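# Analysis of the macromolecular model
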Amino acid sequence: MAVSIYEVATQANVSIATVSRVLSGARGARVAPATERRVREAARHLDYHPSGVARGLARGRMNTVGLIMYYGNPSVTSDPYLGPCLEGILATHKREHQNTMLFTEGGWDDARTHLPTYCNGYCDGLLLLTPTTNTPFIEVLTKRDIPFVLIGDSREEPGVLSVDVDNVGAARESVAYLISLGHRRIAAFCGDDLFFSSAQRLAGYKRALADAGLPYDDSLVFPGSYFGSPGSGYENMQTVLSDLAINKVTAVFCFNDAIALGAMQALREAKIACPAQMSVIGFDDFAGAKSEPALTTMRQPIHEIGERAAELLINRINGLEAERALLPAQLMVRGSTAPPPGLYHRVLR
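Residues numbered from 1 in each chain as written. Predicted model: local features only at pLDDT ≥ 70, side-chain atom pairs only at ≥ 80, totals over all residues. Heavy atoms only, no water.

### Points about the pairing of strand 1 (residues 64–70)
Of all seven residues making up strand 1, six are buried, and the element is well covered by its neighbours. Two elements, strand 1 and strand 2 (residues 99–105), share seven bridges in a ladder whose sense is parallel. Bridge pairing in strand 2 places G66 opposite M101. In this sheet, strand 3 (residues 125–129) lies alongside strand 1 in parallel orientation, the contact comprising five bridges. Across the sheet, G66 pairs through a bridge with L126, a residue of strand 3. (Buried < 20%, exposed > 50% of the residue type's maximum accessible area, 1.4 Å probe, protein only. Helix = DSSP H or I, 4+ residues; strand = E, 2+ residues; numbered from the N terminus. Pairing = 2+ DSSP bridges.)

Encoded structure:
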């Protein structure tokens, strides 16, 4: 049975408040040296260790941040997004002397059910890793008196802090690059509607077309999913190829690398050369350099996203000014993009 602070006070013949002042190392605590020695000797004799929770509650800080994330993959650390993001978070917490409490959920509906666990006083704030668009969890959490920051989600809601890549700007740059090569019929292979990034990347796609004076064609936009292999990219590319004489697509902007790699697999099976006959560009830079041909893609600063989110939350906890952050992506030009084939280029001019 754990020794209580009351037992230490009894053995040292002092008050509980005196024991607390001595063992907490409170600055300015007026305790006589002899009394302090007596308290410390009693604590050692009884093998008493102050409760970290009690000390945290007393000073109003636990120096602990909770990280809530969906956990449906075989490995967190080897996941191309979760791994680097978690490393960035932990690096910041180590530097700022913060503990990290990890909460894994099977879905964001479960997170709402477990809200009392997150808000029980053990965490000073919460990091939410890629929540879904339709979860009521964020609205409920906003009403609680606990700071939180979204990671990989940049929804624009009052009072909600977030750190994400600039999805609109990155998508706009991707499609603008394809247009600069001469492509005019560019398909978009979307991600999951459950995440804000898909709508934002579609918005960037539309802006690039508008910038170039090209019409938006809804028939060139295909719904899909970020997950699975070869997944929606494979299926959507098969659909494009089955109607190529009519749609005259020469390039595809894929909303993540998994979609792009699936699209390239479909091209290989159909014996359509990439990029000579069809250009493909991805988003994330998870594994694009290892594909054949190497995938042109937008590189997300995932480690930095984790770092900035952790810094933002710590600032909010400390009562400092904190603003949502959108980080730029970097275009990685590799072998999967080239000017359009001459036949289609002449037709489109």
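### Concerning the layout of surface pockets
Computed from the structure, the largest pocket encloses a volume of approximately 770 Å³. Around the largest pocket, the lining is made up of 28 residues, and of these D79, Y81, T130, Y226 and F227 lie nearest the centre. Of all the secondary-structure elements, those providing two or more residues to the lining of the largest pocket are strand 1 and helix 10 (196–211). Looking at the lining of the largest pocket residue by residue, the classes come out as 14 nonpolar, 10 polar and four charged. (1 Å grid on protein atoms, 1.4 Å probe; cavity = no way out; pocket = protein on both sides within 12 Å on 5 of 7 lines; lining within 4 Å. Points joined across faces, edges and corners; volume = space filled by probe spheres on them. Nonpolar A, V, L, I, M, F, W, Y, C, P; charged D, E, K, R; others polar.)

### What to know about the packing of helix 1 (residues 5–12) against helix 3 (residues 33–46)
Packed helices, taken two at a time, are described by the angle their axes make and the gap between the axes. It is at 9 Å that the axes of helix 1 and helix 3 come closest, and there the two elements cross at 125°. Taken together, helix 1 and helix 3 sit at an angle that is classed as oblique. As helix 1 runs across helix 3, the sense of the crossing is right-handed. Contacts between helix 1 and helix 3 involve E7, V8, Q11 and A12 from the first element and R38, V39, A42, A43, H45 and L46 from the second. Classifying every residue of the contact of helix 1 with helix 3 gives six nonpolar, two polar and two charged. (Axes fitted to C-alpha atoms, helices over the stretch in contact; angles between N-to-C directions. Parallel < 35°, antiparallel > 145°, perpendicular 65-115°, else oblique. Left-handed = near helix turned anticlockwise from the far one by under 90°. Contact = heavy atoms within 4.5 Å.)

### Comments concerning unusual backbone geometry
Residue P275 follows C274 across a cis peptide bond; omega there is 15°. Within the secondary structure layout, P275 lies in the loop between helix 13 (257–269) and strand 9 (279–284). E292 connects to P293 through a cis peptide bond whose omega is 0°. Note on placement: P293 falls in the loop between strand 9 and strand 10 (296–299). One non-glycine residue, T130, lies in positive phi territory at about 45°. Within the secondary structure layout, T130 lies in the loop between strand 3 and helix 8 (137–142).

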